[in-house]
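Residues per chain are reported as follows:
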Amino acid sequence: MASALVTICVTIVFFIAQLSSNASAIINWLALCAIVLFALIGLGLIGWTFSQPVDKRQWGGDLPIVAGMVLPNLATVLVHWLFVRRRLRRGLIEAQVGA
């Protein structure tokens, strides 16, 4: 459910960003911020897992769950970034050829 929500939000943000005047720079900045955000969330969850008392640690059980929550979101951001960058480049090339 969280991955679907992240996908919807990232789609909306990248769609709005590609309509701006300096779309290439804004899309790069948005992708970088989203990747940093999800990397920090992942590191925070891993740090929280390791900060548990020694007798309650279940590293083998918790780390795959953390990876399952963070890695699909990173992949979503990267795929959206790649598609939007490709679409922008194709649009610029077609605009230059048509002009």
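Up top is the structure.
What you see is a predicted model, and the numbers here were worked out from it, not measured in a lab. (Residues numbered from 1 in each chain as written. Predicted model: local features only at pLDDT ≥ 70, side-chain atom pairs only at ≥ 80, totals over all residues. Heavy atoms only, no water.)

**Focus: the nonpolar core**
Next, step 1: With 15 residues, the main nonpolar core has V10, F14, I27, F38, V77, V84 and L88 as its most contacted residues.
Next, step 2: At the level of secondary structure, the elements contributing two or more residues to this core comprise α1 (2-17), α2 (23-50) and α3 (59-98).
Next, step 3: Per-element tally for this core: the top contributor is α2, with six residues.
Next, step 4: Apart from residues no more than four positions distant in its own chain, F38 is found in contact with V6, V70, N73, L74 and V77. (Core = buried A, V, L, I, M, F, W, Y, C linked by side-chain atoms within 4.5 Å. Buried < 20%, exposed > 50% of the residue type's maximum accessible area, 1.4 Å probe, protein only. Helix = DSSP H or I, 4+ residues; strand = E, 2+ residues; numbered from the N terminus. Contact = heavy atoms within 4.5 Å.)

**Comments concerning the environment of L32**
Next, step 1: Residue placement: L32 occurs in helix α2.
Next, step 2: Since its relative accessible area comes to 53%, L32 is described here as exposed.
Next, step 3: Separated by 45 residues in the primary sequence, L32 and V77 place their C-alpha atoms 9.2 Å from one another.

**Looking at α2**
Next, step 1: With 28 residues, α2 extends 40 Å between its outermost C-alpha atoms, agreeing within 8% with the 40 Å of an ideal straight helix rising 1.5 Å per residue.
Next, step 2: Residues A23, I27, L30, A31, A34, F38, G42 and T49 constitute the buried set of α2. (Expected span 1.5 Å × (residues − 1).)

**Re the side chain of N73**
Next, step 1: When you line up the elements, N73 lands in helix α3.
Next, step 2: The class of N73 is buried, set by a relative accessible area of 5%.
Next, step 3: Leave out the neighbours within four places in its chain, and N73 touches A2, S3, V6 and F38.

**So, a nonpolar patch on the surface**
Next, step 1: Taken together, the side chains of L32, V36, L40, L43, I46 and F50 present a nonpolar region at the surface, about 560 Å² in accessible area.
Next, step 2: Tracing the sequence through the fold places I46 in helix α2. (Patch = residues over 30% accessible without salt bridge, like charges linked within 9 Å, V, L, I, M, F, W, Y side chains within 5 Å. Areas by Shrake-Rupley, 256 points an atom, 1.4 Å probe, with all protein chains shown as cover. Salt bridge = Lys/Arg side-chain N within 4 Å of Asp/Glu carboxyl O.)

**Considering the side chain of Q18**
Next, step 1: Following the sequence through the fold, Q18 ends up in the loop between α1 and α2.
Next, step 2: For Q18, a relative accessible area of 13% puts it in the buried group.
Next, step 3: Looking at Q18, its side chain comes within polar contact range of the side chain of R87, at 3.2 Å.
Next, step 4: What Q18 contacts, discounting residues up to four positions off in sequence, is A23, I27, V84, R87 and L88. (Polar contact = N/O pair within 3.5 Å; in protein donor to acceptor, adjacent residues only side chain to side chain.)

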